[in-house]
Amino acid sequence: MAGELLSVRNLRISFRTPNGKVQAVRGLSLDLRRGETLAIVGESGSGKSVTARSLLGILAPNALVEGGEIIYNGTDLLKADEGYMQKIRGEKIAMIFQDPLSSLNPIVKIGKQLTEAMIIKSRERHRRARRSFNALLYLISSSADASYGDALTARQKAENKQLCSTFNELEKLRAKLEFTYETARENAEYAELKLADLIVKDQKKLLDKKSFNKAFREIVQLLSHAKNEYVIRDGDAVDKLLGVLTSAPTDALTAPLNELASLLRAGVETEAPDFLNAAFARLNGDSAHNAGTSVEEFLPAFGDVLRRAGEVEYKRSVAEMKRVIALLGDGSALQTELHAQQPRRSALQSLFGKAYKSIDKSKNRFDSYKDSRVYSFRLAINSAIEQYYDSLKYNQKLHRKHGDSSDLIDTDSLKDSILAICANLHELYSQNTADADSGAVTGGETTRSAEVIDMLRSDAGDFARVVTKQSAKFRAIKLMDEVGIAEPHKRFNQYPFEFSGGMRQRIVIAIALSANPEILICDEPTTALDVTIQGQILELINKLKERRNISVVFITHDLGVVANMADMVSVMYAGKIVEYGTAEDVFYNPLHPYTWALLSSMPDLDTTAELEAIPGTPPNMIRPLPGDAFAPRNRYALQIDFEEMPPLIDVSETHSAATWLLHPDAPKVTPPAIVTERIERSLSAAGLKDDVAGLTGYADGMKSYAAGLESYAAKLESEAAKSESEVAGLNDSTAVE
C-alpha cells in the first residue's frame, strides 16, 4: 500500500429488500494515489455510486457491508464510527453530487452556505489540535526522563522540561506570527479586490460620492487588519492616502486610488519571512522566556530529547507487541474459541477486550504512519463480530420464512474474516518484534524525530488559525473566483435560483473545496449540464486537481467524459471491476467486451459508422449469474462465461481484465470495427501511427498471458482432485462404520 492515499480491498456491499439481497458491489478492489484521477465507468446500476458513498459512510439504512476494507490514513472507513467519519467528511474527503440544485439550500444565500462549514470545521480542528499538541509534548518530556532510568538527576529532568517548554512557546509563537501574516495578507488581497472595482468605476466615470463612501469604508476596515510588519509595512503612507481619498472630490480620485493600489500590490507580493527565526528572536528577547543563543543550537538539543524519548517509546511498544502475539497466537484461548463450530459471542467479546487493551498500549505514539492492521483492529473485529451474529439471525429468519438457502449469507466466510484480521496483526507484530530483537530497527532515528516535529508543527498551526466570519467571507470569495464565477463579491449575497446550472455546479465545487480536502469524489457532476458547460466543468476540475494536488475519483457512465482527464480507469459492471488500467491502456488497447461495447456507443466527431447500442439490460443482482454477468449481452460470450466467473488477469503492470477471451484456448477475436477504427484514428492523431501495427497482433499478444492462465487452470484441477480425494475418504470411513 506504499504510495496509496486510499486503498479499497475486496469490497462487498449488498442491500436488504423484501425480495432478497441485492448484491450491489461484489469484491471490488482499487487504489487511489496522491494527485491522481481515478475514473470509475459503467452503466447505471453497476455499483459506481454505491462505491463512492461507501467512501464517505453515507450508505442507505438497508445497506449490508458483507466484507472488505477501505483504508485511509491507517483507518478502515467501513469500520469507523460516526464521530470519526464526521471529521473525515468534507475536511479530508469531499463529494460533488449529480444535481447541483438539490445539493444547495434554496432559501439560504450562497455566501452562508460557503462559509458555514469553514467556521464549524475550524473550531473543531482548533480544539483537536491543541489537545494533540499538548499530549504529544508531554509524552516527549516524560519519555525523555524515563530514558535515564534510575540515573535521572534533577538537573537532567529540569533540562528536559526547559527544552520542551521552550519548544512549546517557540511553536506557538511561530504559528501565531504565520497566522497573523496570512490574515494581514488576506485582508490586503480583499482590499485590493475592492479597490480594483472602485478604479474601474472611476475610469468609466460611474463613481458617485455615496457609492464611493460605502465601498471606501469597507476598504479602510480591511486595511486596518492588513497593516503588518510583513505585509503593509508603511502604514503611514497608507494612512496619508486614505486621508487624501476621504477629502478629495470624485473627479480627483484617480491618482490616489492608483497609488494606493500600487502600495497594496507591493504588500501582497512581499515574500513570507522565516517565521521560526523570527519567533526565536522574539522569544530570546523576552526575559521571561529566554530561549538561548540561536535556533541552530536549540533545535539539535531538542532533537536529542526527541531521540531519547523515541527509543523509550519504541521499546515500550515492542514489549506490548509481544503480549499481543501471545494473546492472538496459536494455542491461545482466543484462537480456541474462534475455531469452535459456533463461537460464543460473550466469550469472544471478553477475550478480544483483553487484546484491545494490549493493542492500544502497543501503538507507538510517535509514529506518523498509522498501519490499518493496528489502528483499525478494534473497529474491524467489532464490526466483523456484529456482522457474523447478525447474519446468523438473518439466515435463521430467511430459512424459516422461505425454506430456501440460495440467499443465505455465508457465515463461514464472515468467521474466516475475523480469523484473517487476527492473523494479519499477528504477522505484522511478529515481523516488528523480530526486527527489534535483531537490531534492524530502533526507535530514535533522525527521520522519526523529524516526523514528530512535523506533527507538532501541524498541530500548532491548526490551533493558531481561527477562522472568523470576515476571513471566511474572504476565502469564500477567493474560492468563487477560483472556480470561475465572475464578480464573486457581488454573487456572494445571492440565492441559488439566481445562478445558472453551470454556475450552481461551480458553487458546489467551491463548497467541496472549502476545507482543502485531499480527495474529491465527483459523482457524475456533469450529467445535469449541457455539453458546452460539461466541458467547462471538466476543465475546471482538471485545473483544480493540478493546482491543489488533490486526488479525484470521477464517476461517470460515459467513457468519453474521462478520456482527457483520467490517469487510471476502472470499468465496472454488475458490481465488479471488469477492466482496469491507465487511460491509454483502456482507450488504445481495450480487452473486455463490455469496454468494447461502451466505446462502440460513444459518439465522436470523426465516427461515420452507426453507433452500436449495448443489447439487453443489466442483470438482476438479487440472483446474479454464476459466470460473467455480462455474458447474456455479450456477442463474444463463450460457454464458460455462463458457468464460471473469469478472474481479473494482469496483462501488464498497469492493465488487467476479467474475460475468458484472454485464455489461450479461446477463439481469437478482435474488437468491433468501430472500435479499432477509432483507436487507429486516435493513435494517428497523437503521432503514434506505428503503434497501430500492434493491433494486428492482438490475438498473438494474448499468448503472452497463457502461462498465468494455465497456472490458474492447474490450480482449479488441483482443487478438484483434492475434493474428489476428500469425497473418497468420506466414502471409505462410511464403509468402515
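The structure displayed is predicted, hence computed values, not measured ones.

Basis of the calculations
Counting starts from 1 at the beginning of each chain's written sequence and moves along it residue by residue. Residues qualify for local features only when their pLDDT is at least 70, as the model is predicted, and side-chain atom pairs are given and counted only at 80 or more; totals for whole chains, interfaces and linings, by contrast, use all residues. Each side-chain value is worked out from all heavy atoms of the structure, with water and hydrogens disregarded. Working definition of a nonpolar core: buried Ala, Val, Leu, Ile, Met, Phe, Trp, Tyr and Cys residues. They are joined through side-chain atoms within 4.5 Å. Relative accessibility under 20% of the residue-type maximum defines a buried residue, over 50% an exposed one, and the middle range a partly exposed one, all with a 1.4 Å probe and only protein chains included. Helical segments are the DSSP runs of H or I of at least four residues, strand segments are the runs of E of at least two, and each set is numbered from the N terminus. Contacts: residue pairs with any heavy atoms within 4.5 Å of one another. For a helix, the expected span equals 1.5 Å multiplied by the number of residues minus one. Arc, as used here, means the arc of the directions from the helix axis to the C-beta atoms. Polar contact is the term for a pair of N or O atoms within 3.5 Å; when the atoms are in protein, one must be able to donate a hydrogen and the other to accept it, and sequence-neighboring residues count only if both atoms are side-chain atoms. Two aromatic rings, drawn from Phe, Tyr or Trp (for Trp, its six-membered ring), form a pair once their centres lie within 6.5 Å of each other, and the interplanar angle then sorts them: stacked below 30 degrees, edge-to-face above 60, tilted otherwise. Geometrically, a charge over a ring is one whose NZ (Lys) or CZ (Arg) sits within 6 Å of the ring centre while staying within 35 degrees of the ring normal. A fitted line through C-alpha atoms represents every axis, and for helices the fit uses only the stretch in contact; the resulting angles, taken between N-to-C directions, go from 0 to 180 degrees. Should an angle fall under 35 degrees it is taken as roughly parallel, and over 145 as roughly antiparallel, whereas 65 to 115 is taken as roughly perpendicular and any remaining angle as oblique. Take the far helix as the reference: if the near one is turned anticlockwise from it by less than a right angle, the crossing is left-handed, and if turned clockwise, right-handed. Residues were grouped as follows: Ala, Val, Leu, Ile, Met, Phe, Trp, Tyr, Cys and Pro as nonpolar; Asp, Glu, Lys and Arg as charged; and all remaining residues, including Gly, as polar. Here, a salt bridge means any side-chain nitrogen of Lys or Arg that lies within 4 Å of a carboxyl oxygen of Asp or Glu. What makes two strands pair is DSSP finding at least two bridges between them.

Undergrad: Honestly, the nonpolar core in this entry has me stumped. Any pointers?
TA: Soluble, globular proteins show a tendency: their nonpolar side chains are buried together. Of all hydrophobic cores here, the largest spans 124 residues; its most connected members are Ile140, Leu223, Phe302, Ile509, Phe554 and Val569. Ranked by the residues each element gives to this core, the list is headed by helix α5 (residues 154-203), at 14 residues. Apart from residues lying up to four places away in sequence, isoleucine 140 is in contact with Cys164, Phe302, Val305, Leu306, Ala309, Phe366, Val452 and Leu456. Counting 36 residues, the second largest nonpolar core, distinct from the first, contains Ile13, Leu28, Leu32 and Ile577.

Undergrad: I'm lost on helix α20 (residues 531-548) in this one. Help?
TA: Each α-helix winds once per 3.6 residues, and so residues spaced three or four apart point in a common direction. With 18 residues, α20 extends 26 Å between its outermost C-alpha atoms, agreeing within 8% with the 26 Å of an ideal straight helix rising 1.5 Å per residue. Among the residues making up α20, those that are buried are Gln534, Ile537, Leu538, Leu540, Ile541, Leu544 and Lys545. Viewed along the axis of α20, the buried residues span an arc of 160 degrees, placing them on a single side of the element. In α20, the exposed positions that point more than 90 degrees away from the buried face belong to Thr532 and Glu546. In this fold, the buried residues of α20 make contact with β3 (37-41), α17 (469-482), α19 (501-513), β7 (519-523) and β8 (551-556). Its side-chain oxygen placed 3.2 Å from the backbone nitrogen of threonine 532, aspartate 530 serves as the N-cap of α20. In the segment just after α20, asparagine 549 is the residue with positive phi, at about 55 degrees.

Undergrad: Please explain the packing of aromatic side chains as it appears in this structure.
TA: Summed over all chains, the structure comprises 17 aromatic pairs. Aromatic side chains tyrosine 388 and tyrosine 389 sit 4.9 Å apart centroid to centroid with 80 degrees between the ring planes, which places their arrangement in the edge-to-face category. Accessibility classification places tyrosine 388 together with tyrosine 389 in one group, the buried group. Arranged with centres 5.2 Å apart and planes meeting at 90 degrees, the rings of tryptophan 596 and tyrosine 636 form a pair that is edge-to-face. Highlighted residues: tryptophan 596 in helix α22 (residues 593-600) and tyrosine 636 in the loop between α22 and β11 (649-650), separated in sequence by 40 residues. Across the pair, tyrosine 636 and tryptophan 596 agree in class, each one buried. An aromatic cluster of three or more residues is present, and its members are Phe167, Phe280, Phe298 and Phe302. Stacked on the ring of phenylalanine 463, the Lys or Arg arginine 130 has its end atom at 4.6 Å from the ring centre. Here arginine 491 stacks its cationic end above the ring of phenylalanine 499, 4.4 Å away from the centre of that ring.

Undergrad: Would you explain the packing of α5 against helix α8 (residues 254-268) in this entry?
TA: Packed helices, taken two at a time, are described by the angle between their axes plus the distance between the axes. One can describe the packing of α5 onto α8 by two numbers: an axis separation of 9 Å at closest approach and a directional angle of 155 degrees. As far as their axial angle goes, α8 and α5 are roughly antiparallel. As α5 packs across α8, the resulting crossing turns out to be left-handed. Every residue of α8 that contacts α5 at Arg185, Ala188, Glu189, Ala191, Glu192, Leu195, Ile199 and Asp202 is listed here: Thr254, Leu257, Asn258, Leu260, Ala261, Leu264, Arg265 and Val268. Here the contact of α5 with α8 is built from residues that sort into nine nonpolar, two polar and five charged.

Undergrad: Please explain the packing of α5 against α17 as it appears in this structure.
TA: The geometry of α5 relative to α17 is characterised by a closest axis approach of 10 Å and an angle of 60 degrees between their N-to-C directions. Our classification of the angle between α5 and α17 gives oblique. Read as a crossing pair, α5 and α17 show a hand that is left-handed. Of the residues in α17, those in contact with Glu186, Asn187, Glu189, Tyr190 and Leu193 of α5 are Gln470, Ser471, Lys473, Phe474, Arg475, Ile477 and Lys478.

Undergrad: Teacher, can you tell me more about the pattern of salt bridges here?
TA: Where charged atoms of side chains with opposite charge meet at close range, the side chains can pair. Here the structure, examined in full by the defined rule, presents 43 salt bridges. Where aspartate 31 meets arginine 9, a salt bridge forms, and the shortest distance between an N and an O atom there is 2.9 Å. Of the two residues, aspartate 31 is situated in strand β2 (residues 20-33) and arginine 9 in strand β1 (residues 4-17); the sequence distance between them amounts to 22 residues. Taking the relative accessible area as the measure of exposure, arginine 9 reaches 30% and is therefore partly exposed. A salt bridge links arginine 457 to glutamate 171, with the nearest nitrogen and oxygen atoms 3.1 Å apart.

Undergrad: For this particular structure, what's the right way to read α19?
TA: The terminal C-alpha atoms of α19 lie 19 Å apart, and with 13 residues this matches the ideal 18 Å at 1.5 Å per residue to within 8%. Along α19, 10 of the 13 residues are buried, which leaves the element largely enclosed by surrounding structure. Among the residues making up α19, those that are buried are Gly502, Arg504, Gln505, Arg506, Ile507, Val508, Ile509, Ala510, Ala512 and Leu513. Next to the buried residues of α19 lie β6 (93-96), α3 (100-103), α4 (110-146), α17, β7 and α20.

Undergrad: Can you help me understand unusual backbone geometry in this one?
TA: Both trends apply: most residues other than glycine have a negative phi, and most peptide bonds are in trans. Despite not being glycine, glutamate 487 shows a phi value in the positive range, around 45 degrees. One can find glutamate 487 in the loop between α17 and α18 (488-491). Given the relative accessible area of 44%, glutamate 487 is considered partly exposed. The backbone of asparagine 549 shows a phi angle near 55 degrees, a positive value even though the residue is not glycine. Residue asparagine 549 is classed as partly exposed on the basis of its relative accessible area, which comes to 44%.

Undergrad: How should the sheet that holds β11 be read in this particular structure?
TA: Note on sheets: strands pair through backbone hydrogen bonds, and any given pair is parallel or antiparallel. Across the sheet, which stays open at both edges, the eight strands sit in the order β6-β7-β8-β3-β9-β10-β12-β11 with mixed pairing between neighbours. In this open sheet, the two strands that pair with only one neighbour each are β6 and β11. Here β3 pairs with β8 via five bridges, running parallel. In the strand pairing of β8, alanine 39 is matched with phenylalanine 554. Of the strands in this sheet, β3, β7 and β8 touch α20, which is tilted by about 160 degrees from β8. Of the strands in this sheet, β3, β9 (568-573) and β10 (576-582) are in contact with α22, which crosses β9 at around 100 degrees.

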